[in-house]
Number of protein chains: 2
Amino acid sequence: MSEQRPDGGQSALAIICGAGSLPFALADAAARQGRRVVLFALRGWADPARVGAYPHHWAWIGQFGRFMRIAAQEGCRDVTFIGSVTRPSLLSMRPDLLALRQLPDVVRMFRGGDDYLLGGIARVFEKHGMRLVAPKDIAPELLMASGVLGLGLPREQDYADIERGLALLRATSPFDIGQAVVVAANQVLAVEGPEGTDRMLDRIAELRRIGRIRTPPGIGVLVKAPKIGQDHRFDLPTIGPDTVDRTAAANLAGIAVVAGSTIVAEPERVAAAANRAKIFVIGVADDGPAP
Amino acid sequence: MSEQRPDGGQSALAIICGAGSLPFALADAAARQGRRVVLFALRGWADPARVGAYPHHWAWIGQFGRFMRIAAQEGCRDVTFIGSVTRPSLLSMRPDLLALRQLPDVVRMFRGGDDYLLGGIARVFEKHGMRLVAPKDIAPELLMASGVLGLGLPREQDYADIERGLALLRATSPFDIGQAVVVAANQVLAVEGPEGTDRMLDRIAELRRIGRIRTPPGIGVLVKAPKIGQDHRFDLPTIGPDTVDRTAAANLAGIAVVAGSTIVAEPERVAAAANRAKIFVIGVADDGPAP
């Protein structure tokens with residue numbers, strides 16, 4: 001490529017983009033550092049309305065050969081992935097020839113849980129000479145800091161619920177399940193499964209509506225934490241303005257995440273939404289012992 | 001009372017009846033033993049269509065004084081409760097004077113989880129001279145035996161899923177949450193919260209429909225186990241024909257429960273439903289170590 005590199009030698013960054021606004025927050029952060037970015041927008045996941053604002057290529061999940069070819073043309077050696085791609089079925093993929101040659105590895109990945117899947121994908125990229133870079137290393141400003149976003153503060157009972165939630169997540173972590181629970185006045189109202197955080201919060205709103213939840217409205221905390229031993233590079237828990245809105249709709253008191261290990265999409269909007277809904281959003285340390 | 005006791009001296013049995021068919025299965029079992037039964041049908045929970053076939057009195061939850069008065073008139077010293085009463089709100093109760101005097105205890109009960117609630121209710125009855133008897137001691141034939149009900153047998157992967165489910169339930173047990181999980185090809189598809197087993201199974205059917213579950217249909221096991229340290233007298237996990245139908249609708253391979261610690265409502269109908277749906281229902285020992 002004859003083009004002058006604006007980053008003074010650093011390779012262009014390939015960003016494989018799933019759903020949501022995070023890919024664009026990451027692209028903006030990398031661009032602010034003077035780095036050239038090339039988006040690989042996953043069909044069915046990446047937001048078509050926003051991809052157009054960046055240098056980009058569309059791809060199906062599984063088009064690994066196509067990715068490697070374009071990445072080489074674009075001078076990308078570093079690659080990252082960000083944005084949600086919730087459990088794609090094997091049938092929803094369009095594996096090309098190079099991808100098919102990874103098939104034995106891929107099949108193995110699908111037999112484990114998320115942890116295994118992520119680690120497996122990382123290994124496939126690295127085997128082909130790409131350097132995987134974690135979003136949090138590219139843009140540490142995307143991580144939740146210690147303390148609150150917005151004006152709301154947890155009360156004493158909320159802190160107890162946060163502790164219990166973190167302890168429960170430590171207990172379920174070896175089982176490779178969700179990264180979120182809801183605890184209200186010491187009672188566990190939900191443990192996240194493949195439905196994801198949003199649907200879990202919607203379930204709480206519904207269970208309240210039909211009278212299956214005993215704790216009064218305004219009590220309870222959504223607690224999110226990364227799984228122990230998880231490959232933190234690519235699957236950190238994430239919250240955004242929508243998480244705040246659904247937490248408020250579920251009539252909970254707030255959200256607690258692990259500081260330094262949680263990505264916040266659009267922190268200003270998260271803070272504004274939390275203030276509007278009068279709930280707290282706090283980053284806490286998770287270094288307590290198991291109960 | 002001038003009436004001749006058909007049980008040769010054993011006191012009449014007061015059965016406080018929640019929802020479902022279990023109260024009547026228990027009443028029939030006690031009657032088969034020649035014991036006189038008096039049903040205390042909880043308004044809003046007990047099935048009005050079936051209560052009429054037994055000597056009975058209707059009562060609201062909270063009418064403790066009324067219960068004690070009628071129980072004395074009826075010559076009941078033994079009392080049991082059976083049938084589901086899912087987390088009644090304080091507002092849905094009609095506490096009478098004697099109940100109000102238990103209020104400090106009751107309030108404390110509502111601050112813990114199910115375990116605490118059940119233990120608390122038991123203590124209140126015992127304090128007033130009633131002898132609490134467990135359904136399983138009255139009618140051991142209601143308990144799931146080791147082995148299968150119906151013709152279906154687990155395959156190798158199913159046994160692995162059952163093991164993982166039991167291990168997960170051991171891990172979550174200290175948190176006083178649900179007694180059921182669904183595991184499919186080692187992946188945890190759901191952990192039961194206050195929604196109960198039925199709604200959890202419906203959720204899996206829905207998540208399959210919208211493509212959030214990666215494992216193919218026909219794989220996965222509903223695993224139910226009593227909580228460790230739970231007061232097993234009154235809150236054993238329960239399955240019935242409806243559980244089988246919903247497990248089949250969720251496209252799972254079968255149901256595993258802990259033998260000797262699970263109540264089966266209408267075992268013949270459970271077996272018939274399992275055969276019709278081609279799923280297995282198995283009672284297993286839960287004596288494995290934590291993972």
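As shown above, the structure is provided for reference.
The model shown is predicted, which means the values in this text are computed figures rather than measured ones.

## A short note on the overall build of chain A
Along its length, chain A carries 11 helices and 13 strands. Looking at the 291 residues of chain A, the share that counts as buried comes to 55%. Residue pairs in contact within chain A that sit at least 24 positions apart in sequence constitute 75% of those at least 6 positions apart. Of the roughly 12,400 Å² of accessible surface on chain A, 55% is carried by carbon and sulfur atoms.

## Things to note about the nonpolar core
The biggest cluster of nonpolar side chains holds 42 residues, and the ones touching the most others in it are Ile162 and Val191 of chain A together with Ile162 and Val191 of chain B. Counting 26 residues, the second largest nonpolar core, distinct from the first, contains Ala184, Leu189, Ile204 and Leu252 of chain A.

## What about the packing of helix α9 (residues 196–209) of chain A against helix α10 (residues 241–249) of chain A?
All names here are of chain A. Two numbers describe how α9 lies on α10: the axes approach to 8 Å, and their chain directions differ by 20°. Between α9 and α10, the angle falls in the class roughly parallel. In terms of crossing hand, the pair formed by α9 and α10 is left-handed. The segment α9 lies against α10, with Thr197, Asp198, Leu201, Asp202 and Ala205 engaging Asp242, Thr243, Arg246, Thr247 and Ala249. The residue inventory of the contact of α9 with α10, partitioned by class, reads 3 nonpolar, 3 polar and 4 charged.

## As for helix α3 (residues 64–73) of chain A
Taken residue by residue, α3 of chain A has Phe64, Gly65, Phe67, Met68, Ile70 and Ala71 of chain A as its buried positions. Among the residues trailing α3 of chain A, Gly75 of chain A stands out with phi positive, at a value near 70°.

## Considerations on the pairing of strand β4 (residues 76–82) of chain A
Residues and elements named next belong to chain A. Counting buried positions along β4 yields 6 of 7 residues, so the element is predominantly enclosed. One ladder, built from 6 bridges, connects strand β1 (residues 12–17) with β4; its direction is parallel. For Ile16, the partnering residue across the bridge sits in β4 and is Phe81. Looking at chain direction, β4 and strand β5 (residues 131–132) are connected through 2 bridges and run parallel. What sits directly across from Val79, in β5, is Leu132.

## What about the sheet that holds strand β6 (residues 147–149) of chain B?
Residues and elements named next belong to chain B. Spatial ordering of the open sheet is given by β6-β13-β11-β9-β7-β8, a layout of 6 strands whose pairing is mixed. The outermost strands of the open sheet, each flanked by one partner alone, are β6 and β8 (187–191). Strand-to-strand twist in this sheet, taken as the mean axis angle between neighbours without regard to direction, amounts to 25°. Its contacts with the sheet put helix α10 (residues 241–249) on β9 (221–224), β11 (254–258) and β13 (280–284), and the angle it makes with β11 is roughly 135°. Along the sheet, helix α11 (residues 267–277) makes contact with β6 and β13, crossing β6 at roughly 85°.

## Regarding the pattern of salt bridges
Residue and element names in this part refer to chain A. Applying the stated criterion across every chain, the model contains 24 salt bridges over all chains. Asp78 serves as the salt-bridge partner of Arg35, at 2.4 Å between the closest nitrogen and oxygen. Here Arg35, found in the loop between α1 (22–32) and β2 (37–42), pairs with Asp78, found in strand β4; they are 43 residues apart in sequence, far enough to count as distant. Using a relative accessible area of 8% as the deciding quantity, one classes Arg35 as buried. Taking the relative accessible area as the measure of exposure, Asp78 reaches 2% and is therefore buried. One salt bridge in this structure joins Arg203 and Glu195, with 2.9 Å as the shortest N-O distance. Residue classification places Arg203 among the buried residues on the basis of a relative accessible area of 11%. Note on Glu195: relative accessible area 2%, which makes it buried.

## Describing the sheet that holds strand β13 (residues 280–284) of chain A
Residues and elements named next belong to chain A. Read from one edge to the other, the open sheet built from 6 strands follows the order β6-β13-β11-β9-β7-β8, with strand pairing classed as mixed. Two strands bound the open sheet, and with one partner strand each, they are β6 (147–149) and β8 (187–191). Strand-to-strand twist across the sheet, computed as the mean angle between neighbouring axes with direction ignored, equals 25°. Examined bridge by bridge, strand β9 (residues 221–224) and strand β11 (residues 254–258) share 4 bridges and lie parallel to one another. Among the inter-strand pairings, Leu222 is bridged to a residue of β11, identified as Ile255.

## Describing unusual backbone geometry
If a residue is not glycine, its phi is most likely negative; likewise, a peptide bond is most likely trans. A positive phi angle is found at Asp176 of chain A, which is not glycine, with a value near 55°. Positionally, Asp176 of chain A belongs in the loop between α8 (156–172) and β7 (180–184). The backbone of Glu266 of chain B sits at a positive phi, close to 55°, despite the residue not being glycine. Here Glu266 of chain B is to be found in the loop between β12 (263–264) and α11. In this structure Glu266 of chain B comes out as partly exposed when scored by relative accessible area, which is 25%.

## Comments concerning the packing of α10 of chain B against α11 of chain B
Angle between the axes and distance between the axes: these two values describe a pair of packed helices. All names here are of chain B. Between α10 and α11, the least distance of the axes is 8 Å, while the angle of their chain directions is 15°. Compared by their axis directions, α10 and α11 come out roughly parallel. In this structure, α10 crosses over α11, and the sense of that crossing is right-handed. In this structure, α10 contributes Pro241, Val244, Asp245 and Ala248 to the contact, and α11 contributes Arg269, Val270, Ala273, Ala274, Arg276 and Ala277.

## So, helix α9 (residues 196–209) of chain B
Helical geometry: 3.6 residues make up each α-helical turn, so side chains three or four residues apart lie on a common side. Over its 14 residues, α9 of chain B extends 20 Å from the first C-alpha to the last, a length consistent with the 20 Å expected when each residue adds 1.5 Å. Of the positions making up α9 of chain B, those classed as buried are Gly196, Thr197, Met200, Leu201, Arg203, Ile204, Leu207 and Arg208 of chain B. Structurally, α9 of chain B contributes buried residues whose contacts are with α9 of chain A together with β7 (180–184), β8, β9 and α10 of chain B. Taken from the residues just after α9 of chain B, Gly211 of chain B is the one with a positive phi, measuring 80°.

## What about the pairing of β7 of chain A?
Residue and element names in this part refer to chain A. Among the 5 residues in β7, 5 count as buried, and that is most of the element. A two-sided burial pattern is seen for β7, the buried positions comprising Ala180, Val182 and Ala184 on one face and Val181 and Val183 on the other. Sheet topology note: the β7/β9 ladder contains 4 bridges and is antiparallel. Each residue of the ladder has a partner; that of Val183, found in β9, is Val221. Bridge count for β7 against β8 is 4 bridges, and the pairing is antiparallel.

## Considering the packing of aromatic side chains
If you walk through the whole model with that rule in mind, you get 10 aromatic pairs over all chains. Consider the rings of Phe40 of chain B and Phe67 of chain B, whose centres lie 4.6 Å apart with planes at 65°: the pair is edge-to-face. Highlighted residues: Phe40 of chain B in strand β2 (residues 37–42) and Phe67 of chain B in helix α3 (residues 64–73), separated in sequence by 27 residues. Members of the aromatic cluster, joined through ring pairs, are Phe40, Phe64, Phe67, Phe81 and Phe125 of chain A.

Calculation rules
- Residues numbered from 1 in each chain as written.
- Chains lettered and ligands numbered in written order.
- Predicted model: local features only at pLDDT ≥ 70, side-chain atom pairs only at ≥ 80, totals over all residues.
- Heavy atoms only, no water.
- Helix = DSSP H or I, 4+ residues; strand = E, 2+ residues; numbered from the N terminus.
- Buried < 20%, exposed > 50% of the residue type's maximum accessible area, 1.4 Å probe, protein only.
- Contact = heavy atoms within 4.5 Å.
- Areas by Shrake-Rupley, 256 points an atom, 1.4 Å probe, with all protein chains shown as cover.
- Core = buried A, V, L, I, M, F, W, Y, C linked by side-chain atoms within 4.5 Å.
- Axes fitted to C-alpha atoms, helices over the stretch in contact; angles between N-to-C directions.
- Parallel < 35°, antiparallel > 145°, perpendicular 65-115°, else oblique.
- Left-handed = near helix turned anticlockwise from the far one by under 90°.
- Nonpolar A, V, L, I, M, F, W, Y, C, P; charged D, E, K, R; others polar.
- Pairing = 2+ DSSP bridges.
- Salt bridge = Lys/Arg side-chain N within 4 Å of Asp/Glu carboxyl O.
- Expected span 1.5 Å × (residues − 1).
- Phe/Tyr/Trp six-rings, centres within 6.5 Å; stacked < 30°, edge-to-face > 60°.

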